Amino acid sequence: MRVIVTGASKGIGRGIATFLAMDGFQVALLARSKDLLKDVRQSIEEHEGDCFSVACDLRDPDETEYAIGAAVEHFGGVDALINNAGLVIRKSAFDISLDEWRAMVDTNINGVFYATRAVLPHMKRQGSGHIINVSSISGRVPLPGGSGYAATKFAVTGFSQSLLQEVRDFGIKVTTIYPGSVDSASHRHDPSEDAGWKVRPEEVGEACAHVLHTPPGTVISELEIRPLGRPPKK
Ligand SMILES: NC(=O)c1ccc[n+]([C@@H]2O[C@H](COP(=O)([O-])OP(=O)(O)OC[C@H]3O[C@@H](n4cnc5c(N)ncnc54)[C@H](OP(=O)(O)O)[C@@H]3O)[C@@H](O)[C@H]2O)c1
């Protein structure tokens, strides 16, 4: 199965791409940082994984269309797109700057839309495909102190759930994933904190693999993934 993973240069996206590649999927990695992408690709290839990478800024619709097209051409088609890339700025409406607000809207909402729009014609032509959108628990319940971030994730949820209804008759599946606390560097406010209780990025990849392995006539439309443990008491 050929899967494009956005935001694959680090964090959850790296974990998803690595797990899927080790599980036998062909993976295309998208993100801005060429060096980090190269590092992920090399690590996957060292373990005999089949991998392609292309740098792109998802805030740019033309760059995104080019990158998705390059991945589809490389693998001769596409079976899934995982819209994982996202920007987390956890600030209240009092504190967030206009530039920070716009950066989150551009990355978390527009980026998801541009990548989806770029991949849909290929999937429609094939009569099959699967889009997994990484929302957040904060795309379902309020996040005090992070209203801007929550707004973008509620948008992803609304887009994703509605998209399923628009594309299902073309044989295209859509799944919305709602992660709770996952151990990625950008979510560590204090680098020395014990993050062992959190979900590991590869475990989100394992969840994606389960979702992708459902039979052709079935879709897991929503999936919430949370750690069982709790943060250590201070
Ligand atoms: N970690 C959590 O606890 C958690 C919980 C719920 C949901 N989430 C969601 O999970 C996703 C991944 O989060 P994370 O914690 O793994 O974040 P992260 O470690 O900061 O990784 C974000 C990824 O997105 C890429 N990215 C950001 N802006 C981009 C752009 N304009 N164009 C292309 N790629 C871009 C980054 O790559 P470059 O910088 O190289 O471009 C990076 O690969 C996000 O959508 C986040 O909202 C995370």
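Residues numbered from 1 in each chain as written. Predicted model: local features only at pLDDT ≥ 70, side-chain atom pairs only at ≥ 80, totals over all residues. Heavy atoms only, no water.

(A) Focus on the overall build of the protein. The helix and strand inventory of the protein stands at six helices and seven strands. Order of helices (α) and strands (β) in the protein, N terminus to C terminus: β-α-β-α-β-α-β-α-β-α-β-α-β. Scaling as 2.2 N^0.38, a compact globule of 234 residues should have a C-alpha radius of gyration of about 17 Å, and the protein matches this with 17 Å. Dimensions of the protein, computed from the C-alpha atoms along their principal axes, are close to 50 × 40 × 35 Å. In the protein, which comprises 234 residues, the share counted as buried stands at 48%. (Helix = DSSP H or I, 4+ residues; strand = E, 2+ residues; numbered from the N terminus. Rg over C-alpha atoms; globule rule 2.2 N^0.38 Å. Buried < 20%, exposed > 50% of the residue type's maximum accessible area, 1.4 Å probe, protein only.)

(B) Spotlight on helix H5 (residues 147–167). Along its 21 residues, H5 runs 30 Å from first to last C-alpha, staying within 8% of the 30 Å computed at 1.5 Å per residue. Turning to H5, its buried residues are Gly148, Tyr149, Ala150, Thr152, Lys153, Val156, Thr157, Ser160, Leu163, Leu164 and Val167. Next to the buried residues of H5 lie helix H4 (98–126), strand E5 (129–134) and strand E6 (172–179). (Expected span 1.5 Å × (residues − 1). Contact = heavy atoms within 4.5 Å.)

(C) Here's a closer look at the environment of Asn108. On the secondary structure map, Asn108 appears in helix H4. Measuring from C-alpha to C-alpha, the distance between Asn108 and Lys153 comes to 7.2 Å, with 45 residues separating the pair along the chain. Each residue touching Asn108, except ones within four places of it in the same chain, is listed here: Gly86, Leu87, Tyr149, Thr152, Lys153 and Val156. A polar contact is formed between the side chain of Asn108 and the backbone nitrogen of Leu87, at a distance of 2.7 Å. (Polar contact = N/O pair within 3.5 Å; in protein donor to acceptor, adjacent residues only side chain to side chain.)

(D) Structural view of the site of the ligand. Around the ligand, the structure places 29 residues, and the nearest of them are Ser9, Arg32, Ser33, Tyr149 and Ser184. One of the side-chain nitrogen or oxygen atoms of Ser9 is found 2.7 Å away from an oxygen atom of the ligand. Within the backbone of Ile12, one N or O atom sits 2.7 Å away from an oxygen atom of the ligand. Burial of the ligand by the surrounding chains reaches 95%, relative to a free accessible area of 880 Å². Secondary structure elements with two or more residues in the shell around the ligand: helix H1 (11–22) and H5. (Near = heavy atom within 4 Å. Areas by Shrake-Rupley, 256 points an atom, 1.4 Å probe, with all protein chains shown as cover.)

(E) Geometry of the packing of H4 against H5. In the contact formed by H4 and H5, the axes pass within 8 Å of each other and the chain directions differ by 15°. Classified by the angle between their axes, H4 and H5 sit roughly parallel to one another. As for how H4 packs across H5, the hand of that crossing is right-handed. Here Trp101, Met104, Val105, Asn108, Ile109, Val112, Phe113, Thr116 and Leu120 of H4 come into contact with H5, specifically with Gly148, Tyr149, Ala151, Thr152, Lys153, Ala155, Val156, Phe159, Leu163 and Val167. (Axes fitted to C-alpha atoms, helices over the stretch in contact; angles between N-to-C directions. Parallel < 35°, antiparallel > 145°, perpendicular 65-115°, else oblique. Left-handed = near helix turned anticlockwise from the far one by under 90°.)

(F) How the structure looks around helix H3 (residues 61–75). Taking 1.5 Å of rise per residue, 15 residues should cover 21 Å, and H3 covers 21 Å from first to last C-alpha, within 8% of that figure. Listed in full, the buried residues belonging to H3 are Thr64, Ala67, Ile68, Ala70, Ala71, Val72 and Phe75. Elements that come into contact with the buried residues of H3 comprise strand E1 (2–6), strand E2 (26–31), strand E3 (50–55), strand E4 (80–83) and H4. Trailing H3 by a residue or two, Gly76 shows a phi angle of about 70°, which is positive.

(G) Broad picture of the pattern of salt bridges. Tallied over the full model, the rule gives 12 salt bridges. Two residues, Arg14 and Asp39, come together in a salt bridge whose shortest N-O distance is 3.1 Å. You can see Arg14 sitting in helix H1 and its partner Asp39 sitting in helix H2 (residues 34–46), a full 25 residues away along the chain. For Arg14, a relative accessible area of 26% corresponds to the partly exposed category. Here Asp39 falls in the partly exposed class, since its relative accessible area comes to 37%. Close ionic contact of Lys91 with Glu100 constitutes a salt bridge, the shortest N to O distance being 2.7 Å. We classify Lys91 as partly exposed; its relative accessible area is 30%. When salt bridges with common partners are traced through the structure, they connect Arg140, Glu222, Glu224 and Arg226 into a single cluster. (Salt bridge = Lys/Arg side-chain N within 4 Å of Asp/Glu carboxyl O.)

(H) Main features of the side chain of Asp57. Inspection of the secondary structure puts Asp57 in the loop between E3 and H3. Excluding residues that lie within four positions of it along the chain, Asp57 makes contacts with Arg32, Glu63 and Thr64.

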